[in-house]
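# Structural characterization, general
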Amino acid sequence: MSLARRLAHRADAGEPKKKKLRKPPLRKPPLRNKAARTRPTGQEGFVRDAVDVPVGARQRRPAAVAKDLAGLELPTAPALADALADLAVMPRAGLDPEVPAVMIDLETTGLMGQSGALVCVVGAAWHVAPDCLHFEQWSLHRVGAEGAMLADIDATLRDRVGPRTSFVSFNGASFDLPLLRRRMIRHAIYRATEDPLRAPHVDLLHPARRLWRDRGPDCRLGTLEARQLAMHREGDVGGAEVVELLWRWLEEPDEAAAADLAKVQRHNRIDVLSLTALAHTMHRRLADPVDDVERLRAARHHHRLERMPAAVALLEPLLARLARSTTPGKGWETPVGAGLLAAEIERRAGRHDLAARYWAQVCRRVPGHPEAHEALAKHLEHKARAPAAALAVASASVTPCERRVARLRKKVADGPVPPVVEVVSTWAQPRV
Amino acid sequence: MVVVDRDTSPCGPRRFLVVNPKVVDATTGVRRDYIKVSREITTTLRRAEVSTLAFCRTRRAVELLTRYLRDDEAREVSGRRAGAHGGDGPTALRTARTAIRGYRGGYLPERRREIERALREGEARVVASTNALELGVDIGGMDAVVLAGYPGTRAATWQRAGRAGRRGQPSLAVMVLSSSPLDQFVGASPDFLFDRAIEQARVDPDNPEVLLPHIRCAAQELPIMDGEALPGLGAEDTELAVGYLAGRGGLHYEPGPGDTGAHVVLGGDSPAEQVAIRGAMEENFSVLDPAGEVLAQVDFEDGPLYLHPGAIYPIEGTPYEVRELDWDGRKASVRKVNASYYTVAVSKLRVRVVDATEEDDPEAQPPEWGAGTGYAHVVRKVPAFKKIRLGTHDNIGFGPINLPDLELHTTAAYWGMPPEILREMPDPGRRAAAALACAHAMRHAAALLLMCDVGDLRHAVTSGHPGAWGIALDGGHGPDALAEIEAGGVPHIVLIDRNPGGAGLAVHAFTMGTMFFDRVIAVVTGCDCGQGCPTCMGPSTEAAEQYGVERSDVVTVLRALRRTAAATEGEQRGPA
């Protein structure tokens, strides 16, 4: 039976539901005029805009971006390269000064990255001179032109990315770049087995979380700009609103929708350019934290990237305070965190006595601290071979390990067990 | 990539018993009710403290079995206690409610999770379930599985049987056969169950109900360009299907440069989420108690069958009576009652073949006498319901139902009775009875050959010509079916697919031609009953009772149909 006949006899009940009318436009659209509905673009179905933004001298910024970026300090190319090297693990040879990093951000018609998400506005920026940023923006005007737009983006970026450059994004590791690559493969610009636009990638969300988690309502780019860069976006659109506005634009590209698209374009431009400022600020704060909590977090960041000397250097003032405080007391979180981190670094470096000193200092400051008691008892039992002292320390934990305590008790038998305070204060002192 | 083509699930030694209930009436061949036999076997297992899953084929069977098993246990517990401390009915009932559970689709998720928990923790010892517990639910530690009726496929049989013995302990599977031809065939040929590979899944990708939503999904992935041919569809059909969707707002046409353009999906709703795996979706009915709490959900198409005013809607064996049905609001108000009966809605399916193989003439008249494939227009009326007493299954009353009809279009195959039969069997009543029995046998043989569930097909007999309205037979039907067939004189046997839009099953059976009829004749003649029984010739119908359909008549008709099919095949092959 032919498809035509089957379609002709299809039951009415099973018909595809008429597409539900989308939510009403966010504000009252002006009267539609026929002429305005003809698409404003050429044959390609997408447009590409570019603007050069000098860094340093704010008065020389182009009018289009000057107001939006007011208060923002943009880094030079070498400053940005330094910052990136500090924020993420970089290729062994470092970034190539001739091929600057590419900041990138996508605006899409779906937030979850599901199959219905089209790449709609793409902003990318890179330094064309040490003191000049170049910003490039692609905007889709027709759903059917996504492939052509992605091909143009690919042609532009392909030569700019490589093993010694870097993408810079905010949450791009899990959203923007996978989506961009997936859509390029979907449009057969690359084969499914290929891995387009592969380059090192600095996703600023991760260091930002390490540094500023819980220190604001959330860790979104806009929040960080406001709290850490002291920059406020006027009349910006939110993430969910972007989706709504883009669909409106693609469905009915009239004047009102064009104005909406302009809002999204501006949002995207600010996102991309402020990435450079955010990287720069994070770099400065890692070197010179504003308070103890940030100092500890900066040290943890370096520890995570396996930069132990940098981590230890940041911890020093906190460790000095820990060494000085010989009695239990309040306000211990930061120095104790520093002690545990330093102990971990020393233990991994094979300096077990030094690690034990930090653990003992923590035990002295916060009697019963489970992690420190456990670690110190382990050290005393297996490295220092002092079962009696180990037993004292293990038993004094707020969550003693039953098996360890039982084993140590057997080892000690009826021998004397020193008071835990004595053991801890002995080990907290530098060894002679 | 690694191919896993062997069962690696944990399993201890398994004993598989097939129980065929004894024949209670030698002349009609009626066997004992398989639900009652399943009840006895499950209760025996429960008494021996064997944790048991009882799989039923229908939701109603689950409710009945749950109720019966609880009654059995409560009676025994209160009997035991009566010996020691005097009777304790309510406690006994409570114990039974904890140890014996029912499980099926339609229960609220919270209830289902609770039953699964009770199963895992060993609190529930016996659970009666539909296929809802067959897949995707983590249960271990069961010792026995009772299958109330052949599950319909070997795949489902093994899947369900495998629910016991998951921890490597010895397990038992008992399959209780019903009187249906398929069950009896399975009972007669053990190699069918034990020595053959499991069934293949069959789907007709050109079924509009399957095709159209998938095209929308494809268009959302990538725009469909003008002149593009989707793989497996060809440029012409792609254009047709895309145009159909565009005309109904499912796709949007976007002009591009020059004369080219593309069909796209606009808007952020995900068409993939709107694809229902098991068919077209209407909003479900909610079952509400007097406080307005939702007790259960019922599929749209089952609403008129289970939620008509006066219906008893049981949940885990507890009867609720439907007070009111708000059709547009998709809500049924129920209250708990103490009913000693359950209800069965009488559903009448009327079928009409609306399209023959003449494909190119949209003004085509309904097909004349003959055999062929086409489209069927199916209307389901639910005019009344029966009250059936629990335990005895006696009919104790009727009630009317006034609810909208359900309509669907699907694919069909039809076979008209050849002229020589009209000469051979001049009595229209006898012809009608033979046609009904043939239709029954053909449907079951088709299910067997196509390796599908019997429920995936329906059979009908129309009168006069295939384009006339006929009654689809799905078990019970009234005498008016006979009246129509008698009036028409020339019965047509119609097989239709149950799925809206069709799954290509009936058409496939038709294309098998003589091979198909060879199998049907083998089923009817191979039965070792006297003159025909519910197994080989369908449930005892008014037609059969009144006119005494004989096996020889059925075989005569089937042979004539086979000759017609052979002649067509000969024509197609051309002169040798």
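Residues numbered from 1 in each chain as written. Chains lettered and ligands numbered in written order. Predicted model: local features only at pLDDT ≥ 70, side-chain atom pairs only at ≥ 80, totals over all residues.

For chain B, the count of helices and strands is 18 helices and 23 strands. Looking at the 576 residues of chain B, the share that counts as buried comes to 43%. Taking the intrachain contacts of chain B between residues at least 6 apart in sequence as the baseline, contacts between residues at least 24 apart amount to 69%. (Helix = DSSP H or I, 4+ residues; strand = E, 2+ residues; numbered from the N terminus. Buried ≥ 20, exposed ≤ 12 C-beta atoms within 10 Å, placed from the backbone. Contact = placed C-beta atoms within 7 Å.)

Residue and element names in this part refer to chain A. Every buried residue of helix H8 (residues 221-228) is listed here: Leu 221, Leu 224 and Glu 225. End-on view of H8: buried residues confined to an arc of 105 degrees, all on one side of the axis. Immediately beyond the C-terminal end of H8, within one or two residues, lies Ala 230, with a positive phi of roughly 55 degrees. (Arc of directions from axis to C-beta.)

Residues and elements named next belong to chain B. Across the sheet, which stays open at both edges, the five strands sit in the order E13-E12-E16-E15-E14 with mixed pairing between neighbours. Only two strands of the sheet have a single partner each, and these edge strands are strand E13 (294-298) and strand E14 (312-315). Geometrically, the sheet is characterised by an average inter-axis angle of 35 degrees between neighbouring strands, direction not taken into account. As defined by bridge partners, strand E12 (residues 285-288) adjoins strand E16 (residues 331-336) across three bridges and the pair is classed as parallel. Among the inter-strand pairings, Ser 286 is bridged to a residue of E16, identified as Lys 331. (Pairing = 2+ DSSP bridges. Axes fitted to C-alpha atoms, helices over the stretch in contact; angles between N-to-C directions.)

What follows is about the pairing of strand E4 (residues 132-140) of chain A. If a strand is regular, its side chains alternate between the two faces of the sheet. All names here are of chain A. In this structure, strand E1 (residues 46-54) lies alongside E4, joined through nine bridges in antiparallel fashion. Residue pairing across strands places Asp 52 opposite His 134, the latter belonging to E4. As judged from the eight bridges shared by strand E3 (residues 119-129) and E4, these two strands associate in the antiparallel manner. What sits directly across from Val 121, in E4, is Ser 139. Linking E3 to E4, which pair antiparallel, is a turn of two residues.

Here we take up the packing of helix H16 (residues 387-395) of chain A against helix H17 (residues 402-412) of chain A. The relative placement of two packed helices comes down to the angle between their axes together with the axis-to-axis distance. Residues and elements named next belong to chain A. Packing of H16 against H17 brings their axes to within 9 Å, and their N-to-C directions diverge by 150 degrees. Classified by the interaxial angle, the pair formed by H16 and H17 is roughly antiparallel. H17 is crossed by H16, and the crossing has left-handed handedness. Contacts between H16 and H17 pair Pro 387, Ala 388, Ala 390, Leu 391, Ala 394 and Ser 395 from the former with Arg 404, Val 405, Leu 408, Arg 409, Lys 411 and Val 412 from the latter. (Parallel < 35°, antiparallel > 145°, perpendicular 65-115°, else oblique. Left-handed = near helix turned anticlockwise from the far one by under 90°.)

A word on the sheet that holds strand E5 (residues 167-169) of chain A. Residues and elements named next belong to chain A. Overall, mixed pairing links the six strands, which are arranged E1-E4-E3-E2-E5-E6 in an open sheet. Only two strands of the sheet have a single partner each, and these edge strands are E1 and strand E6 (201-203). Across this sheet, the average inter-strand angle for adjacent strands is 20 degrees, counted without regard to direction. Set on the sheet, helix H6 (residues 176-186) makes contact with strand E2 (102-108), E3, E5 and E6; between it and E2 the angle comes to about 70 degrees.

Another aspect to go through is the nonpolar core. Core analysis: the biggest nonpolar cluster contains 129 residues, and Leu 84, Val 102, Val 168, Ala 279, Trp 359, Leu 376 and Val 393 of chain A have the highest contact counts within it. Ala 279 of chain A has contacts with Leu 80, Ala 83, Leu 84, Leu 87, Val 168 and Leu 204 of chain A, leaving out every residue within four places of it along the chain. Ranked by size, the runner-up nonpolar core spans 120 residues in total, among them Ala 164, Leu 325, Met 425 and Ala 446 of chain B. (Core = buried A, V, L, I, M, F, W, Y, C linked by C-beta atoms within 7 Å.)

All names here are of chain B. Mean pLDDT for chain B: 81, with 82% of residues reaching 70 or above. Across chain B, the secondary-structure element scoring lowest on mean pLDDT is helix H17 (residues 542-547), at 50, and the one scoring highest is strand E7 (residues 144-148), at 95. Across residues 356-362, confidence stays below pLDDT 50; counting only partners more than four residues off in sequence or on other chains, it has twelve contacts. Scored below 50 in pLDDT, residues 475-479 shows six contacts in the model against residues more than four places distant or in partner chains. (pLDDT = per-residue confidence, 0-100.)

Residues and elements named next belong to chain A. With 17 residues, helix H12 (residues 308-324) ought to run about 24 Å at 1.5 Å a step, and its terminal C-alpha atoms sit 23 Å apart, in line with that. Residue Glu 316 marks the point of greatest curvature in H12, where the axis turns by about 50 degrees; the proline Pro 317 follows within four residues. Those residues of H12 not exposed but buried are Ala 311, Leu 314, Leu 315, Leu 318 and Leu 322. The inward-facing, buried residues of H12 contact helix H11 (292-304), helix H13 (333-348) and helix H14 (352-365). (Expected span 1.5 Å × (residues − 1). Bend = angle between axes of the 7 residues up to and from the residue.)

Residues and elements named next belong to chain B. By the bridge criterion, four bridges tie E14 to strand E15 (residues 318-326) in an arrangement that is antiparallel. Paired with Ile 312 across the two strands is Glu 321, which belongs to E15. Between E14 and the antiparallel strand that follows it, E15, lie two residues; Glu 316 among them carries a positive phi value of about 50 degrees. Summarising the sheet, E15 and E16 pair through six bridges and their orientation is antiparallel. The partner of Asp 326 across the bridge, within E16, is Lys 331. In textbook terms, the turn of a hairpin is the stretch between consecutive antiparallel strands, and for E15 and E16 this stretch comprises four residues, one of which, Arg 330, has a positive phi near 55 degrees.

The next point concerns the packing of helix H15 (residues 370-383) of chain A against H16 of chain A. All names here are of chain A. Running from N to C, H15 and H16 cross one another at 170 degrees; their axes reach a closest spacing of 8 Å. By the angle between their directions, the pair H15 and H16 is classed as roughly antiparallel. Across the interface between the two elements, His 373, Leu 376, Ala 377, Leu 380 and Glu 381 from H15 touch Pro 387, Ala 389, Ala 390, Val 393 and Ala 394 from H16. Here the contact of H15 with H16 is composed, by residue class, of eight nonpolar, one polar and one charged. (Nonpolar A, V, L, I, M, F, W, Y, C, P; charged D, E, K, R; others polar.)

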